[in-house]
Each structure stands twice: as C-alpha cells, then as structure tokens.
There are 4 protein chains.
Amino acid sequence: MRLRAREMGIKIGVMEPGRYNAITDVRGVAVGHSTIIEGEGPLVVGKGPIRAGVTAILPRQADIYEEKVRAAVYPYNAYGKAVGLLQVMHMGVIETPILLTDTLNTWRVADALIDYMYEVLGVEATSINPVVGETNGSYLNDSAGRHVGKKHVYEALDKAFSPSGTGPVEEGNVGGGTPMSGFEFKGGIGTSSRATPEFTVGVLVQVNFGRREDLRIDGVPVGKELADIKPRKVQESESIMIVVATDLALSSRQLWKVAKRAILGVARTGSYGGVHSGDFVIAFSTSERDVEPLLERGEKRRPSSGRRSLDEPYLNPVYRATVEATEEAIINALFKAETMTGRDYNTRIAIPLDRVSEIMSKYGRL
Amino acid sequence: MRLRAREMGIKIGVMEPGRYNAITDVRGVAVGHSTIIEGEGPLVVGKGPIRAGVTAILPRQADIYEEKVRAAVYPYNAYGKAVGLLQVMHMGVIETPILLTDTLNTWRVADALIDYMYEVLGVEATSINPVVGETNGSYLNDSAGRHVGKKHVYEALDKAFSPSGTGPVEEGNVGGGTPMSGFEFKGGIGTSSRATPEFTVGVLVQVNFGRREDLRIDGVPVGKELADIKPRKVQESESIMIVVATDLALSSRQLWKVAKRAILGVARTGSYGGVHSGDFVIAFSTSERDVEPLLERGEKRRPSSGRRSLDEPYLNPVYRATVEATEEAIINALFKAETMTGRDYNTRIAIPLDRVSEIMSKYGRL
Amino acid sequence: MRLRAREMGIKIGVMEPGRYNAITDVRGVAVGHSTIIEGEGPLVVGKGPIRAGVTAILPRQADIYEEKVRAAVYPYNAYGKAVGLLQVMHMGVIETPILLTDTLNTWRVADALIDYMYEVLGVEATSINPVVGETNGSYLNDSAGRHVGKKHVYEALDKAFSPSGTGPVEEGNVGGGTPMSGFEFKGGIGTSSRATPEFTVGVLVQVNFGRREDLRIDGVPVGKELADIKPRKVQESESIMIVVATDLALSSRQLWKVAKRAILGVARTGSYGGVHSGDFVIAFSTSERDVEPLLERGEKRRPSSGRRSLDEPYLNPVYRATVEATEEAIINALFKAETMTGRDYNTRIAIPLDRVSEIMSKYGRL
Amino acid sequence: MRLRAREMGIKIGVMEPGRYNAITDVRGVAVGHSTIIEGEGPLVVGKGPIRAGVTAILPRQADIYEEKVRAAVYPYNAYGKAVGLLQVMHMGVIETPILLTDTLNTWRVADALIDYMYEVLGVEATSINPVVGETNGSYLNDSAGRHVGKKHVYEALDKAFSPSGTGPVEEGNVGGGTPMSGFEFKGGIGTSSRATPEFTVGVLVQVNFGRREDLRIDGVPVGKELADIKPRKVQESESIMIVVATDLALSSRQLWKVAKRAILGVARTGSYGGVHSGDFVIAFSTSERDVEPLLERGEKRRPSSGRRSLDEPYLNPVYRATVEATEEAIINALFKAETMTGRDYNTRIAIPLDRVSEIMSKYGRL
C-alpha cells in the first residue's frame, strides 16, 4: 500500500489541508474516474494495449449549465489540445463538468460530454462549451487507438455525481492519469487541499511531466539521488493539467490570478517548462463563501457598491494555499502511482518510497 | 443565379482581387465543402431536418503536419467552441487543415480530422492539434443531432485535396455555412482576395452574425432600407469565423497583427460584436514569398541577421488588403446564399439583390 | 464657428446622446484642457514652435486613489508609449486621473501627475500608478522640445476639478489634441455620448490617425470625394487614444469587452490600423448604476450570490452605445478642429464642412 | 567581504555559468549603476534620507534605436509601473537601454533616458519607447522625494557605455537595487549566467520581494531556520524586475517563452507571488548566434524558407539556463547586499552568510 506525501511525514508548506486533503474538501466539488487497463504486449493501433481513462471534476453535483460557476484559465505553456478554454477565459464561467483524459481522446470525450449534458442532465441549449483537458499517455497507451468513449465518460461522470463523488479522491493510475509519467517515474492523478476557517482551496492535477534528475520534493533533490534508476525511455511529453477549486466568491479576474500561482507550485517540484508542454491551470469558484471575512482590518469597502475587488491583499493566503496544494498534489500523484507496464512492454516504475524516505532523512527533512 | 458583390458592380475598397477573388488566390490554398440538406418539417433531435456541413481549408495540398505553416489567432469575442486555437497561439503554427462546421459538431469533426490525418495522410504522431471553428446554425438545423460525421469530414477534405480544390470557391449555403444567417438574412460561406505583384491575401468567412437594421454595404445603410422585410425571428447567435491566408513569409507575430485587421472589415458591415459572439480570426502564411520586395526604400535590413520584422511599415498594404477582403467576403456570403427553410419550417430569406441594387443606386454607389 | 456632426444633421447610429453629447454626460466625469500655442516658423528643438497640451479626464472629481474606479484597457495596436496601462489591466482599477498629451511629454506629464496627487490631492502612498496616453504631434509641434510641464498638467487638472469640468467639453485643437491630425486634416480632441434611462456611455478621443482617402462619415466615402485637397505631407503617425466611461457597475472583465467595441467605431471611420499606430482604449466605470435594470426578463440571478456577470446579454446595448459614440467622437474631433500652422510652417487644414455637407447630400444622407 | 552563492559553494542547477557569472557574459551586453546614499534620520519628503539609484542595461554598447534588438515581455503579476513594455510586447523589439529604479522615479528616469537618446546618442526620431522598470524602495528611501534625476541616469548610462560596462557586474546595494529588500533581508541587484558552446543566457534581477519564512536556497528552507532574526517590519512590497539576455537569434515569440521560464526560478526561492507584486520579465536577444547549432539531429529545416521556429525542442536547454540563472541571481542579490539603515532609522540587515553556510550544511548541501 503506497502512501501519500503527508502520510509519510512530508509536509509541504505551512498551511493545513482539509479533511480529505483533496479537491473535494471544497464543499460541493466531486470527482469520478473511469479507468481502462486492457491487453498487453506489442502495440496494435486500435486494439491496444490500453492504459487510459477519464477523470471528471464537478464544480458541484448539479446542472451547472443553468448555474454556471465563475472560472478562469491560465495557459502557462499552451502546447496542448484542451478544449473549451478560450470561452472560459472570455466569459469567466464554466458551464460543464471538467474532464481530463489522454491527448487523442480529447474530442470524442468532449462529444460524449455533450451527450451527457443532453441525455442525463437534460440541458436543452444548442450552445454548450465542454471543458476537457489532456496530457499525452502514449508511452504506455495505444493513444492513437482513442479508446476512451461515451461509456467511460458516463462512468466517470456517474461516479462523480454519486454520493461518494464528494469524498476522498483516488490517485495515481486512475482516470485520465492512468498512463501518465512524472519525472520519468509513473505519474497520474494527484490531489491536495488547504483549509482555513475562512476558505478552502483544493487542487487536482494530472501529472505527465519532468526529467528524473530534476525532481525535487520539498526542495530536496530527490531526482538526483535516484539517478541510478535509469528510465527505459526519457520523458517525451512534458505536460500537466491543474484544476484549482475554491469556495471563495472570487471574480474571474481574481481566479485568473489564483490560477497563475499554481505554476509556482509546479516549479518547486523541478519543472523547467518544456517546449512540448501543455500546462494549463483551470480555476473555479463554488461561491460558497464571500470574501468579506478575508478583508484586512481598515480596508475600504462600500457595502452596496460593487466595489469589491478594488484592492486585494486578502488574496495572499489564497495564493499561498494554491502553491502549497499544487506542489503536494504533484507529489501525491507520484507517490500513489504504481509501476505499470503498457504497450510494447514499456514500463514506468513507481517512485521507490523507501528510497525517498531515506533521501528525505539524509537531507534533514524526516 | 445570384451574383457576387463585385459582379453587381459593388467594389469594396481600392485594391484589386486575385483571379478567383477567393482565398484560393493564395497559391496552394485549397477549399472543399461537404453539405447536408435532408428532411423538412418539425425538429426531431437526432433525425432532422438537417441543414449542416463542413468546410475544409488547406494551407496547402500536402501533409502540413510535417511542414507546418506559420499561423496566428486573434480571438475578438471568444464566446465560441473552436478547438486547437490555444496551441496555435502559443506555437505559432498550424499542423492540420482548418475545418468549419455547426457548433455542436465541433468535437466529432475534430475527431474525424484526426482519423483523416492517420488514415489518409499517414501521419504517425501521437500529438496532433486539429483546428476546427464553428458558428451556431440551430435556427435552421437540428444542431443537437450533430449530424456531421466522419463521412462528411472526409468528403470535404477529399474535395479540398482534389485538383479543383485550388480553384473558385463555392459560397453561400455550403459546407459549414449551410444553416447560417447573416443580418437576419441567409448567411453562410463567403470569400474574397486582394492581389498585388508582391503579395496576395485571401479571406474566407463563415457568416452567422448581425441584426437586420445594422447591415452596411460599402457604408450604405442597406439594413435600414430593408427594414420592411421582417425576419421571422431575430438573430440569436452572433458569430463569424474568419480565415486569412497570405503567401508572404510573415512571422506568427506579424500574422497575429494581420488577423486583428480582419475585425475592422467586420465592423464596416455593421457588427456591434454581440455578447454571444464567437469571433475568431485564424491567419496563416503559405510562405511562398519573402517580405523583401515589400520593404520600403531606405529601410534597414542586415542581410544575414535574422533581423527581419524589427520594423514593419511594409505591412500596411497587407492590413488594407485584409480589411477589404474581409468586408467583401462577408457581403459575398450574403449575396450568394439562397433562401432556406429548415427545422420547424424556420426560414431565412436571401437578401433581395434587386432591392440592394436599388438602394446602392439611391445612395450614389451604383 | 465650426459645428459638431450632430449640429450639421449627421446622426451616427440609432441611439440618443446625453445632454452635452460628451463624456461628461456620465455623471461625475470631468474634463480639463491645457493648451500651448506659442511661436511660429522653423523648428528649433527646445524653443518651438509649440503646439501642444494636455487633457485631463477625471472618473470623478475626488481623490480616486482612495476610491479607485473599476477599469480595463484594450490595446488594439500597441505601438504607443502610454504609461500605467499594464497595472490597470492586471488590477482592474484606475487610481489617478487620466491624462492625454503629445508623445514625448508622456513621462514628464506622468511625473507631474504624481506631484498633483501629493501636493493637491494629499495622497500619501509610495505606490501610485499614473495613467497617461499619447499620440504623436510632431508634424506641427516641437515634440522633441517636450514643452508640456507641471504647470500645464496642473492647469488641466485644476480645470477638470472646477465646477465647469463636468459641463460641455471643448473639442478640436485643445489639450492633448492640439497638434494632432486626422485623415490628413486637422484632428484633435472629440467626444460624444449615448444615454438611455438605464445607463450612459461617454467617449473621449484624441485623434491622430488616418489617410485622407479612407475617411468615411456615416459610411459615406468623404475622403475620396475630398481627394482634390492634397495634404502637404502624408500622415506619418497613426494613433488614437480612446477613453470610454460608463455609469454602469460593470466588472473589469466587462469593461474590457466594452473597450474592445470602441475599435469597431474606429473602423467605421476608415482606419486600417496602421503599423505605427498606438491605439489604446481605456474604459472605466463610475459605478453610479447597478446593472440590474439591464437584465433581460427571465435571466437567472441569485440576489445575494455575487453571480452577477455569469451571463451578459444585457451588455449588447452598451456595446452599441460604445461603437456609436466612438465613431461620432472621431467625427467631432475633425469637425471642431481648425486649420493650424505649426513648426516649419507645416499646416493641417480643417476639413471643409461645407464640402462635407455637399458630399453627405450627394450620397443621400442630408 | 560578502561572497556570491557560487563562491560559497552553492551551485544552483547543473549548467555552468559564463566567465563573470553575470548578464555581461552575453557578448555585448553592458551594465552601469548610479547609486545615491545621502543623509540619515527621520524622513523629510524631498530632503531624504536618500537610498536610491538607477541601473542601466545595454543590449549592446551602441545606438540600438537604429539597430533595435528582438525582445519580449512577460508580466507575471503586473502591479507595477514599468514603462515601455506594451510597445515591446507588440512590436517585439527594444529600442533603448533598459533602466531599473525606485518606483516613483520611473517617469523622470524615463524622461532623462529620452534626453540621453537625443543628447548623447544623437537619435533624431520623435517616437522613442524608453523601457524603465521599478520596485518600491520606500522602506529605506525617501521615495516620494523622487531623487533620481538626469544626472544619475547619465552616470549609469555612461558607465554602461564605458569599457568596464561589459565586465563583472556590481551586486547588492547598487543602482536601482540600492534600497530594496529580499525576504525581509537586504536585497538589491543580482546577476548570474549560464554558458554553453552554443549559447549564453544572462540574467539580472532587482530583488524586492519575499517573506522571511519562505526563503529557500537551492531548496533548503533557510528562511524558516533564520526565523529567530525578526525583521523590524514585514515586507510590504513584493516585486522583482528580471532582465534576461541571450546571444541566440530567437524570435520575439521565443523570447516571450524564455521570459516565462524566469518565473520558475523565482518560485524556487520561495515566492508566492504577492498581490502587490510588480513582477515583469524582459528578455532580449543580441542576435550574435543563430539557433542552427541547437537544432536536434533530424529536425526539419528548409534552408531558405524562413520556417525557423516551426518547432523548438532545442529551446529546452535555454529554458533550463534561464531558470537556473534567475534563481542564482536572486540569491546573489541577497548575498552581496550589505546591511543598510535608511529613512526613519529603518534597517534591513544583510542575510548572515555564516548562518546560511551552517544551514546549508545541516541540510546536506555543503
């Protein structure tokens, strides 16, 4: 049984996580995965082996088309195929669940999300903006076979809409993260959160980036220390999808600034932001809490004026929470992912947690 | 037989069009349409009536995945579902044909474009960035039925790759433009070009925007004069997709600036840029001609320095060409589109060209 | 006595202007000019002749540092030296008056604005973000002499803060517009507004762009008809500064979208958006009116939720008002500007209004 | 004598620095400082005490107005007053030296830079785009007194243009960095470089950001270990100006992507990107070397086609160099800065290097 970072005693930053240390600590947010692991051996495009899936994140377990949520997008390095982001950037709202998958499935997953909006949620509009993110799992998966279809999209969404959707979140080789790599170890889905009396920030990541030697955990050069473990093949794809949720009633401009902070968390794990990197941050607000309690003493605010957000020093702890939770979510993705062999017997081994533990001790952290 | 603007004696601007007055005047660019017109009567989602299609624009009749073309995107009002644009904005290149369709078909059309890249063009990558634009044809079409599939994508692309793909371009109720409206008349696909000895600019538009009373043709308030023709239903969607091609070897930054000019052409036809408007401009270069001949006398240029584009007064005629061709392409879309009745007997009438002729005369233009 | 467009019977668009047909129709907004016209004859840098000035626009006649106003910036073609805009784009607020001047005075004018914030308004902060825009008046002015100093900045601001600051606005050869050209005629400052029971939009422009032959007035090719009047020198600079004010409590994101519409108004007067064009739009809200009355029937809105701006069809009339007022403000700048001779006897003649009148009649508009 | 990071044995990253480990390792780049340290005791605005200055960075020791350099800007958190950046972002070139100073001097420093362009460099244009960055030194300096004038701008530029300008760069309490803070220690100017046979990247920073407890050096939580040293006052301003130079002939789009990487280096030192943070990265190319030698084997490139930059895997080492050099430049700024007492006896102590050394050892790094 692999442990999460915090279970191993590794505490990133200074703020405390919420109940599950997951994006679902933001009240109302729900997650569901559909995972496909089928076949082994040589790649036959269209047949397999399949190591793929889809992860659904619901801003709330309801039809958000009617009650859209405030949102923002920060494209750090936009070598990526994510759909729906330009409209979110423009309108400042998200109107569908967010799905994460393997690159070449992006469009059929988006199409299946439309099906779900119509068939399950009963939306009647002729203009719907599905949001789907991706990273490239082709090292282990028959990506060109595009095996993630309507069935899997429905499964992930149904799970997210089920009562368990708002509980703890599975990490590692699940959903969209199934075939992904991280620092040339096995990567995938990770999550973390930070909670204060005034607000909660939750982050979910799909990790598929990083060179072995660059990995840092809480600043410790773990990657360099693990250089003896040679990856069979260097990381080709260099991407991360990041979803940030908060219960604060932030404006889309404020969410955009929050989204930008997630990249600072990525940087701390050792990313150099590769050329072929599709790094997008999507941030949304569930609007459960007003920002009022965050305002610093003496801050000007005319009650009825709509002058909210004229100045924003109270956002600083929100930024900090975002950086910490992003960094920890990435580490969780690595820690929870298990060794996987995929197409053509390509293998990504799980990061050896006992070695990590030793290294952290050596560098004075455990 | 409906006429194009120029055939009626309406000359937009001062520059001359190319041979076909079409985007295909840019050497190498090719266009193909697939049009579906089936059924009539009440809307039954999934059955029809169908008024839809897809238009394919090839930067060149070859595998552009291997030889990508320089490109840029300008999102004027990004309430739209176009896919692939963020990567183009980031990388400055397009690596697939550009497809235009009805909103809700966007993702299955993108998925079929991936099929075509693999099956027909033989691309072997696991990262492909399809570019698909859309406007909302649901006033006439069973849009939620999403009837545009692989068959139609292949048909449009095959036509574009055929020898006739580089010839004159069909306009009006064809391809992606089939169900679209313009100024509450029938809209659709339009094209125009401007050619000089030094360069050619070609524009293709998918028109689906505008209120009747706002229509201007070469500055004449034609819409106001046609106010007696009441549309059955006011325009709900307010979008235009614009593709600009040039044979100049412009950088992606320069193409971005060219793309911005297309919106000036839109403005001249009477757009106020509606809230629910998905207005994107995609510009690309076929790199047939260097910018050298455009440089003004005395302009500094170190031959081997790569200092090209340090200053760019020579772009002014390119901007002018873009504005003129965009304006004329929009008018062509209206002029060539024929009256169409679609789902629920909804009807968009063609703009009456005889009346237009009279109005242009009344205002001293013909 | 030169007339404004509307006084000549030229009505741009369909909406009605406010009381003064000026940016000051937005309650609280105030304007003041300081104009320097000194010397004649050959240019002696540092001596003159001087044709320069500064125009001050106050979002309200108060210390807006303490009560900042929501704002946005749209840089259409950013070949310009305006200062303060990036912080406005980021924070979504303006905290000083807005000043407009001749290019090379930009920084000393900004520095003098800081003086005014300290000395007159009593601001005590060490971080102040002055907003100053510019266009290039060097065809008539000793621009390199940088003659606009603290005295003139104080004069313009004092006038704006005086009771008359909220009244009618002087146009043409005043303030920052003093030496500017428009369509190779004399240009300068222009203003216009649109008022409805629910909101007012006011626009002020500093016009310094356009080629003679491109000028359109309400769609009529006036420039082509005036081609017999040869300018002594073609327009070198190609810029316009646009300030849009509204009393609606819009978010900065919404103001950004409003700002984008101003460019549609510029397009209608005949701009091709020259390469050397510094075209910036600054939009701000005086927050006098909530958007509530604008909401369309049936629109979802949870009273206490902060979900405002989740959907925005009610912005359409605001967009229309912005386009119309921008177009009319530009024409007003041309109409009110008088012939001016400047350095080296360079002369820009005023557009001949009798000829304009004839042309408008010929084309069926008067 | 305080040491630089590398002199203390702290090696950031894996790449090697150039000769001086400074931005001047990029051939042609030159730096000059003018430093004002006058008076002590209580603040009297306009009198002092003065702790201020200006730093000049020349892309080359020549009139770059005539031979502009390719450039890009990345505004990470744009609560800042830097001037000239929007034009650089639009045109992709810089045409003046870059100056860094204390916030409220920004505009008079820009104005003095115009003087220098005319009087010393003999530029004759009436459109010049000065580039000046700033951070807020008001904790130690009489910032509102705005003491940096023409004299200091000339001194900094003259030094930069002198033969020593291209040599080693002074760090710490010099030039624009004179009054700045870093992690609530003394901050200021820092620099570092990375050199390979194919290219050099140099970075210069003006450090004025960070909370004590967040400081990380090469991943070690130095700030937490130094928590016993209480700052007299917490950091109010949260900004960093970063200038990145390279001798590679990159396009402005590529330079923009390089600029984005600098923020990853900032993140590694412990920044959470404060709300009141003016974090701008300016990157430029001296175009001494073509990118040809960087191209990976097998990469497609048509010699005469201008198709350069269609794909860019070769940029990865440039990104890495930028991250490493930025991180090290920040540490150098802290290490070289000496304790300073300023206005009102406010004091920023220098980070105690002996303690740093102990901490680095404790955590297994020295």
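Small disclaimer: the values here were computed from a predicted structure and weren't measured.

Asker: Looking at this structure, I do not really get the interface of chain A and chain B. What am I missing?
Answerer: Frequently, the measure chosen for interface size is the accessible area removed from exposure when the parts meet. Residue-level contacts link 35 residues of chain A with 34 residues of chain B. Carbon and sulfur atoms make up 57% of the area that chain A and chain B hide from each other, which totals about 3100 Å². Counting across the interface, chain A meets chain B through six salt bridges. Measuring nitrogen to oxygen at the nearest pair gives 2.7 Å for the salt bridge that ties D111(B) to R108(A).

Asker: What exactly am I supposed to notice about the relation of the copies chain A and chain B here?
Answerer: What connects the two chain copies is a rotation about an axis and a shift along it. Screw-axis analysis of chain A against chain B gives a translation of 0.0 Å along the axis, an RMSD of 0.0 Å, and a rotation angle of 180 degrees. Taken together, these values place the two copies in the relation of a two-fold axis. Measuring from the rotation axis to each C-alpha of chain A, the shortest distance belongs to W107(A), at 2.3 Å. Comparing interface residues between copies, 97% of those in chain A also sit at the interface in chain B, which points to an isologous, same-surface contact.

Asker: I'm lost on the relation of the copies chain C and chain B in this one. Help?
Answerer: Note on the identical chains: chain C maps onto chain B by a rotation of 180 degrees and an axial translation of 0.0 Å, with an RMSD of 0.0 Å. Interface overlap between copies is the fraction of interface residues in one copy that are interface residues in the other; for chain C against chain B it reaches 100%, indicating a shared surface.

Asker: Any chance you could explain the interface of chain C and chain B here in plain terms?
Answerer: Opposite the 38 residues of chain C that make contact, chain B presents 38 residues. Here chain C meets chain B over a buried area of about 3200 Å², counting both sides, of which 45% is carbon and sulfur. It is Y76(C), Y272(C) and V275(C) that lose the most area in chain C upon contact with chain B, and together they represent 23% of the buried surface on that side. Viewed at the interface, chain B and chain C are joined by four salt bridges. When the shortest N-O distance is used, the salt bridge between R320(C) and D214(B) registers 2.8 Å. In this assembly, chain C and chain B are joined by 25 residue pairs in polar contact (both at pLDDT 80 or more). Elements with a contribution of two residues or more to the side of chain C that touches chain B: strand 3 (69–78), helix 5 (252–268) and helix 6 (316–336) of chain C. With seven residues, the single largest contributor to the side of chain C that touches chain B is helix 5 of chain C.

Asker: Sorry if this is basic, but what is going on with the nonpolar core here?
Answerer: The nonpolar side chains of a soluble globular protein tend to be buried, and buried together. Counting residues in hydrophobic clusters, the biggest one holds 126 residues, and the most contacted among them are V222(A), F335(A), I351(A), V222(D), F335(D) and I351(D). Residue contacts for I351(A): discarding those within four places in its chain leaves R2(A), F185(A), L215(A), V222(A), L226(A), L334(A), F335(A) and V356(A). If you look at the next biggest cluster of nonpolar residues, it comprises 123 residues, including I229(B), V323(B), F199(C) and V201(C).

Asker: What's the story with the environment of V26(B) in this structure? I'm lost.
Answerer: All names here are of chain B. Along the chain, the position of V26 falls in the segment before strand 1 (30–38). Taking the C-alpha atoms as reference points, V26 and V201, separated by 175 residues in sequence, lie 6.5 Å from one another. Those residues in contact with V26 that sit more than four places away from it in its chain are T200, V201, G202, A245, T246, D247 and T286.

Asker: I would appreciate a short explanation of the pattern of salt bridges in the present structure.
Answerer: Proximity of charged atoms lets side chains of opposite charge pair with each other. Considering all chains together, one arrives at 84 salt bridges over all chains under this definition. A salt bridge links D115(A) to K150(A); its shortest N-O distance comes to 3.8 Å. Separated by 35 residues along the polypeptide, D115(A) in helix 2 (residues 106–119) and K150(A) in helix 3 (residues 150–161) bring together distant segments of the chain. Of the residues examined, D115(A) reaches a relative accessible area of 9% and is grouped as buried. A relative accessible area of 37% means that K150(A) is categorised as partly exposed. Through salt bridges with shared partners, a single ionic network connects R108(A), R146(A), D111(B), D115(B), E119(B) and K150(B).

Analysis parameters
Residues numbered from 1 in each chain as written. Chains lettered and ligands numbered in written order. Predicted model: local features only at pLDDT ≥ 70, side-chain atom pairs only at ≥ 80, totals over all residues. Heavy atoms only, no water. Contact = heavy atoms within 4.5 Å. Buried area = accessible area lost by both parts, 1.4 Å probe. Salt bridge = Lys/Arg side-chain N within 4 Å of Asp/Glu carboxyl O. Least-squares fit on C-alpha atoms with pLDDT ≥ 70 in both. Polar contact = N/O pair within 3.5 Å; in protein donor to acceptor, adjacent residues only side chain to side chain. Helix = DSSP H or I, 4+ residues; strand = E, 2+ residues; numbered from the N terminus. Core = buried A, V, L, I, M, F, W, Y, C linked by side-chain atoms within 4.5 Å. Buried < 20%, exposed > 50% of the residue type's maximum accessible area, 1.4 Å probe, protein only.

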